[in-house]
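# Structural overview
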Amino acid sequence: MLKRFCLSAFVVALTFGLASTATAQTTVPAPDPIASPHAMSKTMMGDTYIKVTYGSPRKRDRVIFGELEQYGEVWRLGANDATEITFTDKVNFGGEMLDAGTYTLFAVPMEDKWKIIVNSDLGQWGAYRHNTENDVATVEVPVEIMNESHEAFTMAFEEVEGGVHLNMMWDTVKAAVPIKAAM
């Protein structure tokens, strides 16, 4: 009888233990969407393939240039990982010759122009470890104020006579780097 009682008590305890464990479980909510989704733009310029990958932050009612992105400060040219650009052939990037390969892009925004920095260090997070010793080219491009506003930071290629432009647009600001085949 004692055996039967102990076995019954064990079964009851086990049942309640499992039931309380089941009710104690909580549902883990899905992660929030990425605040600055990863984006890519690509084009062919003749036989040359060009691809840029970047984080695309959103404006979200903020003042972008001069506040969020300070004038005169190095910026990762996007969000999260530093922006990277790949060329399959040698190119003329804003007047500077670049060999085929993958590079990190940074920008120094100013009110009337942007300084675009091409760097050989890959896999960087932000601009925190930007090492000027590894800069392979620096070009300055004028800023254009657009009539429309871009909520998302956008990089897009535009075909132009003799090459392409890498357009960089956020809020009402646009900067474009001309890219041509190397001669």
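Preceding this section is the structure that the text describes.
Residues numbered from 1 in each chain as written. Predicted model: local features only at pLDDT ≥ 70, side-chain atom pairs only at ≥ 80, totals over all residues. Heavy atoms only, no water.

In terms of nonpolar packing, the biggest core is built from 35 residues, with Phe93, Trp114, Ile116, Leu166, Met168 and Ile179 touching the most fellow members. Considering every element that reaches this core, the biggest residue donor is strand E9 (residues 163-181), with eight residues. (Core = buried A, V, L, I, M, F, W, Y, C linked by side-chain atoms within 4.5 Å. Buried < 20%, exposed > 50% of the residue type's maximum accessible area, 1.4 Å probe, protein only. Helix = DSSP H or I, 4+ residues; strand = E, 2+ residues; numbered from the N terminus.)

Strand-to-strand pairing in sheets goes through backbone hydrogen bonds, with the strands running parallel or antiparallel. Strands sit in the order E1-E2-E3-E6-E7-E8-E9-E4-E5 across an open sheet of nine strands; the sheet is antiparallel. Edge positions in the sheet fall to strand E1 (38-45) and strand E5 (96-98), since each of these pairs with one other strand and no more. Averaged over neighbouring strand pairs, the angle between their axes works out to 35° when direction is ignored. Bridging between strand E2 (residues 48-55) and strand E3 (residues 83-87) involves four bridges; their strand directions are antiparallel. By the bridge assignment, Lys51 is partnered in E3 with Thr86. (Pairing = 2+ DSSP bridges. Axes fitted to C-alpha atoms, helices over the stretch in contact; angles between N-to-C directions.)

The subject of this paragraph is the pattern of salt bridges. Inspection of every chain in the model, using the stated rule, returns two salt bridges. Taking the shortest distance from any N to any O, the salt bridge between Asp171 and Lys59 comes out at 3.8 Å. Within this pair, whereas Asp171 is found in strand E9, its partner Lys59 is found in the loop between E2 and E3, the two being separated by 112 residues in sequence. Between Lys113 and Glu140 there is a salt bridge, with the nearest N and O atoms lying 3.2 Å from each other. Placement of Lys113 in strand E7 (residues 113-119) and of Glu140 in strand E8 (residues 135-160) is noted, with a sequence separation of 27 residues between them. (Salt bridge = Lys/Arg side-chain N within 4 Å of Asp/Glu carboxyl O.)

Each pair of aromatic rings is reported with the distance of its centres and the angle of its planes. Evaluation of the coordinates by the stated rule reveals ten aromatic pairs. Aromatic side chains Trp75 and Trp114 sit 5.8 Å apart centroid to centroid with 90° between the ring planes, which places their arrangement in the edge-to-face category. With Trp75 in the loop between E2 and E3 and Trp114 in strand E7, this residue pair connects regions lying 39 residues apart in the sequence. Residue class for Trp114 comes out buried when judged on its relative accessible area of 1%. By the ring-pair criterion, three or more aromatic residues cluster together here, those being Tyr54, Phe65, Trp75, Trp114, Phe153 and Trp170. Over the aromatic face of Trp125 sits the side chain of Arg76, whose NZ or CZ is 5.9 Å from the ring centroid. (Phe/Tyr/Trp six-rings, centres within 6.5 Å; stacked < 30°, edge-to-face > 60°. Lys NZ or Arg CZ within 6 Å of the ring centre and 35° of its normal.)

Among the seven residues in E7, five count as buried, and that is most of the element. Where strand E6 (residues 101-109) meets E7, six bridges bridge the pair, whose relative direction is antiparallel. What sits directly across from Thr104, in E7, is Asn119. Linking E6 back to E7 in an antiparallel pair, the connection comprises three residues. Of the strand pairs in this sheet, E7 and E8 are connected by seven bridges, and their pairing is antiparallel. Looking at the pairing, Ile116 lines up with Val139 of E8.

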